[in-house]
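The primary structure of each chain is shown beneath.
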Amino acid sequence: MTPIQTTKMSNFRWVICALLFLATTVNYMDRQVLSLTWKDFISPEFHWTDEDYGLITGLFSLFYAVANLFAGKFIDWMGTKKGYLIAIFVWSLGACLHAGCGWAAMTIEGYDSIDALRMVEAGTDAAVAISTISVWLFLSCRLILAVGEAGNFPAAIKATAEYFPKKDRAFSTSIFNSGASVGALAAPATIPLLARAWGWEMAFIIIGALGFIWMGLWIWLYEKPRQNKRVNQAELNYIEQDNDLAEVQDRQAVKVEKTIPFFKCFSFKQTWSFLVGKFMTDGVWWFFLFWAPAYFSDQYGYTSDSAMGIALIFTLYAIVTVLSIGGGYLPKYFVEKRGMNPYLGRMRAMLIFACFPVLGLLAQPLGTFSAWWPAILIGLLGAGHQAWSANLFSTVGDMFPKSTIGTLVGLGTMAGGLGSMSINYGSGVFFKWAADQGSAFAFFGFEGKPAAYMVVFCICAVAYLIGWFIMKALVPKYKPVIAE
């Protein structure tokens, strides 16, 4: 029998959850620096078009996808502590290096100052040359950023599986995953103001440096629960409540868990279910993350550093932040109150969350009355995504052994990156084409570029429901994978 605890249970697992939250916040702020500065600060210097920006975001997503093919395995191999440290070091370095792209472009092209780049006449051969070299310089930095950021979610999910029992994982995941929306919330309130005050280069440096501070906290606080002196026996029992009774009784006996070989993972329908869920939906979140500031600037004239532009983006992500945390409560209700197994409860909750993005169909039509409507509706869509994403990640812990979680999350994030590449690069090309077509291209009463936004919003609105039905068809009921 499990020994009766006479001491109060420590709650250090929530400190770890807070660290994961902070890392995810920094992760998303580093991504947002470019989206919040390119339209109003960087593009005038380098003569970028929507297609140039779409190429950068699309290839960043491809880099991220490929890196995730190896990131999960790397985290499983290095361990949570060392793997996370290396990941955040690499992405913080990549974030800071963006600041040197202007100087590098100026030097390579032989100009005396950044202002000289800006003064080049648009459409000339010189402007095309500046645009081309600057795009490749930024892509080099985005490659480094993507390689590092690929390690965030595999490491965070692995740490969650180590510190939380199955019934609490969706809630803890929703908390640290809300760092994505908090990062996206903090970004518009800080980054454009930093860019306006000290230049877009300092925005990259200051936000990038936050990762190095986090590294110190991780080194100081993180150890596995068994080795962490801040976790007492009562909390350890709670964390390991899903383990076999014999293991719970004998804390000194360490059970070696087999890892599923990499290619063997593809033989399971559970793997493909997770990959489909990520591919169909991650790109939606990344589209709004990368394009929302440009959308409000293009459609309504509110630049990212204007009071209204900041208010719109801040409101959008405030809605995401507040509502998405509840994503962990609904499956917990289904499991504890309705008696469902974790997978069935999660899938029931995900069907509900998949309906939120349908509201995106109204964003463009209602935007003709006020820019606040798209901000609110996209915020609700984003909240649905974050709640969906937290539960989707948790299905990996439900189905696969802990030793393989990093690998599976890496594969899933790779699939999400491929979906993101498709929608972001495709949107950049589509927006430029639609703007050139003008009134010759119409859709649902909109013409030109607004019509293109309406098309993309429609795709985003139905992606989750399509993804859910495919997942349900692949894995209709709870069936854990056993490493043999």
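Conventions adopted
- Residues numbered from 1 in each chain as written.
- Predicted model: local features only at pLDDT ≥ 70, side-chain atom pairs only at ≥ 80, totals over all residues.
- Heavy atoms only, no water.
- Helix = DSSP H or I, 4+ residues; strand = E, 2+ residues; numbered from the N terminus.
- Rg over C-alpha atoms; globule rule 2.2 N^0.38 Å.
- Buried < 20%, exposed > 50% of the residue type's maximum accessible area, 1.4 Å probe, protein only.
- Contact = heavy atoms within 4.5 Å.
- Areas by Shrake-Rupley, 256 points an atom, 1.4 Å probe, with all protein chains shown as cover.
- Lys, Arg positive; Asp, Glu negative; His and termini not counted.
- Charge placed at Lys NZ, Arg CZ, Asp CG, Glu CD.
- Patch = residues over 30% accessible without salt bridge, like charges linked within 9 Å, V, L, I, M, F, W, Y side chains within 5 Å.
- Salt bridge = Lys/Arg side-chain N within 4 Å of Asp/Glu carboxyl O.
- Core = buried A, V, L, I, M, F, W, Y, C linked by side-chain atoms within 4.5 Å.
- Phe/Tyr/Trp six-rings, centres within 6.5 Å; stacked < 30°, edge-to-face > 60°.
- Lys NZ or Arg CZ within 6 Å of the ring centre and 35° of its normal.
- Expected span 1.5 Å × (residues − 1).
- Disulfide = S-S within 2.5 Å.
- pLDDT = per-residue confidence, 0-100.
- Axes fitted to C-alpha atoms, helices over the stretch in contact; angles between N-to-C directions.
- Parallel < 35°, antiparallel > 145°, perpendicular 65-115°, else oblique.
- Left-handed = near helix turned anticlockwise from the far one by under 90°.
- Nonpolar A, V, L, I, M, F, W, Y, C, P; charged D, E, K, R; others polar.

Some words on the overall build of the protein chain
Here is step 1: Within the protein chain one finds 19 helices and two strands.
Here is step 2: For a compact globule of 484 residues, the expected C-alpha radius of gyration is about 23 Å, and the protein chain comes in at 23 Å, within 12% of that figure.
Here is step 3: If one aligns the C-alpha atoms of the protein chain with their principal axes, the spans along those axes are about 80 × 45 × 40 Å.
Here is step 4: When burial is assessed residue by residue, the protein chain has 57% of its 484 residues classed as buried.
Here is step 5: Sequence-distant contacts in the protein chain: of pairs separated by 6 or more residues, those separated by 24 or more amount to 82%.
Here is step 6: Element-wise, carbon and sulfur atoms account for 68% of the exposed surface of the protein chain, whose accessible area totals about 18900 Å².
Here is step 7: Here the protein chain contributes 35 positively and 32 negatively charged side chains, and the mean placements of these two sets differ by 15 Å.

Considering a nonpolar patch on the surface
Here is step 1: Side chains of Phe-89, Leu-93, Leu-97 and Phe-212 sit close together on the surface and give an oily, nonpolar patch of about 320 Å² of accessible area.
Here is step 2: Considering each element in turn, the nonpolar patch owes the most residues, three residues, to helix α3 (residues 80-97).
Here is step 3: The topology assignment puts Phe-212 in helix α9 (residues 200-221).
Here is step 4: On the accessibility criterion, Phe-212 (32% relative accessible area) is partly exposed.

A closer look at unusual backbone geometry
Here is step 1: A positive phi angle is found at His-47, which is not glycine, with a value near 60 degrees.
Here is step 2: Mapped onto the fold, His-47 is located in the loop between α1 (13-46) and α2 (50-78).
Here is step 3: Even without being glycine, Phe-444 reaches a positive phi, approximately 50 degrees.

A few points about the nonpolar core
Here is step 1: Phe-138 and Phe-287 are the most contacted members of the largest nonpolar core, which totals 146 residues.
Here is step 2: If one sorts the elements of this core by residue count, α1 sits on top with 15 residues.
Here is step 3: Those residues in contact with Phe-287 that sit more than four places away from it in its chain are Ala-292, Ile-423, Asn-424, Ser-427, Phe-431, Tyr-453, Val-456, Phe-457 and Cys-460.

Let's talk about the environment of Pro-401
Here is step 1: Tracing the sequence through the fold places Pro-401 in the loop between α17 (372-399) and α18 (405-437).
Here is step 2: Judged by its relative accessible area of 9%, Pro-401 is buried.

Focus: the packing of aromatic side chains
Here is step 1: Within this structure, the stated rule accounts for 47 aromatic pairs.
Here is step 2: With a centroid separation of 4.9 Å and an interplanar angle of 55 degrees, the aromatic rings of Tyr-84 and Trp-214 are classed as tilted. Residue Tyr-84 is located in helix α3, and its partner Trp-214 is located in helix α9; the two are separated by 130 residues in the primary sequence. No difference in accessibility class separates Tyr-84 from Trp-214, as the two residues are buried.
Here is step 3: Through pairs of rings, three or more aromatic residues link up here, namely Trp-38, Tyr-53, Phe-287, Phe-288, Trp-291, Tyr-295, Phe-296, Tyr-300, Phe-431, Tyr-453 and Phe-457.
Here is step 4: In this structure, Arg-142 is placed above the aromatic ring of Phe-60, and the distance from its NZ or CZ to the ring centre is 4.7 Å.

Points about the environment of Phe-138
Here is step 1: For Phe-138, the location among the structural elements is in helix α6 (residues 125-149).
Here is step 2: Overall, the relative accessible area of 0% leaves Phe-138 in the buried class.
Here is step 3: Taking the C-alpha atoms as reference points, Phe-138 and Ala-105, separated by 33 residues in sequence, lie 10.0 Å from one another.
Here is step 4: When neighbours within four sequence positions are excluded, Phe-138 is seen to be in contact with Leu-34, Ile-42, Phe-46, Trp-48, Ile-56, His-98, Cys-101, Trp-200 and Phe-204.

Considering α1
Here is step 1: Between its first and last C-alpha atoms α1 spans 47 Å; for 34 residues at 1.5 Å apiece the expected length is 50 Å, and the two agree.
Here is step 2: Across the 34 residues of α1, 26 count as buried, placing the element largely inside the fold.

Observations regarding the pattern of salt bridges
Working definition: two side chains of opposite charge can pair if their charged atoms are close together.
Here is step 1: This structure, assessed with the given rule, holds twelve salt bridges.
Here is step 2: The salt bridge involving Glu-149 is made with Arg-31; its shortest N-O contact spans 2.6 Å. Of this pair, Glu-149 sits in helix α6 while Arg-31 sits in helix α1, and the two are 118 residues apart along the sequence. Arg-31 shares its class with Glu-149; the two are buried.
Here is step 3: For Arg-118, the salt bridge is made with Glu-45, and the minimal N-O distance between the two is 3.5 Å. Here Arg-118 is found in helix α5 (residues 114-119), whereas its partner Glu-45 is found in helix α1, with 73 residues between them in sequence.
Here is step 4: Overall, Arg-118 belongs to the partly exposed group, its relative accessible area being 36%.
Here is step 5: With relative accessibility at 7%, the residue Glu-45 sits in the buried group.

Some remarks on the state of the cysteines
Here is step 1: One pass over the structure, following the stated rule, counts zero disulfides.
Here is step 2: The thiol of Cys-101 is unpaired, and the distance to the nearest cysteine sulfur, on Cys-141, comes to 3.7 Å.

As for the confidence of the model for the protein chain
Here is step 1: For the protein chain, the mean per-residue pLDDT works out to 87, and 94% of the residues sit at or above 70.
Here is step 2: Between the elements of the protein chain, mean pLDDT differs from a low of 43, seen in helix α11 (residues 245-249), to a high of 95, seen in helix α19 (residues 449-474).
Here is step 3: Long-range and interchain partners of residues 244-255, a stretch whose pLDDT sits below 50, account for 16 contacts in this model, where long-range means more than four residues apart.

Some points on the side chain of Thr-160
Here is step 1: Mapped onto the secondary structure, Thr-160 falls in helix α7 (residues 152-163).
Here is step 2: According to the relative accessible area criterion, Thr-160 is buried, its value standing at 3%.
Here is step 3: Other than its neighbours up to four places away in sequence, Thr-160 contacts Leu-20, Arg-169, Ser-172, Thr-173 and Phe-176.

Quick look at the packing of α1 against α9
Two quantities define a packed helix pair, namely the angle between the helix axes and the distance between the axes.
Here is step 1: Their axes nearest at 9 Å, the elements α1 and α9 cross at an angle of 170 degrees. Judged on the interaxial angle alone, α9 and α1 are roughly antiparallel.

Some details on the packing of α7 against α18
Here is step 1: The N-to-C vectors of α7 and α18 enclose an angle of 145 degrees; their axes lie 8 Å apart at closest approach. Remark: the crossing between α7 and α18 carries right-handed chirality. On α18, the residues that touch Phe-153, Pro-154, Ile-157, Lys-158 and Ala-161 of α7 are Ile-405, Gly-406, Val-409, Gly-410 and Thr-413.
Here is step 2: Broken down by class, the residue content of the contact of α7 with α18 amounts to six nonpolar, three polar and one charged.

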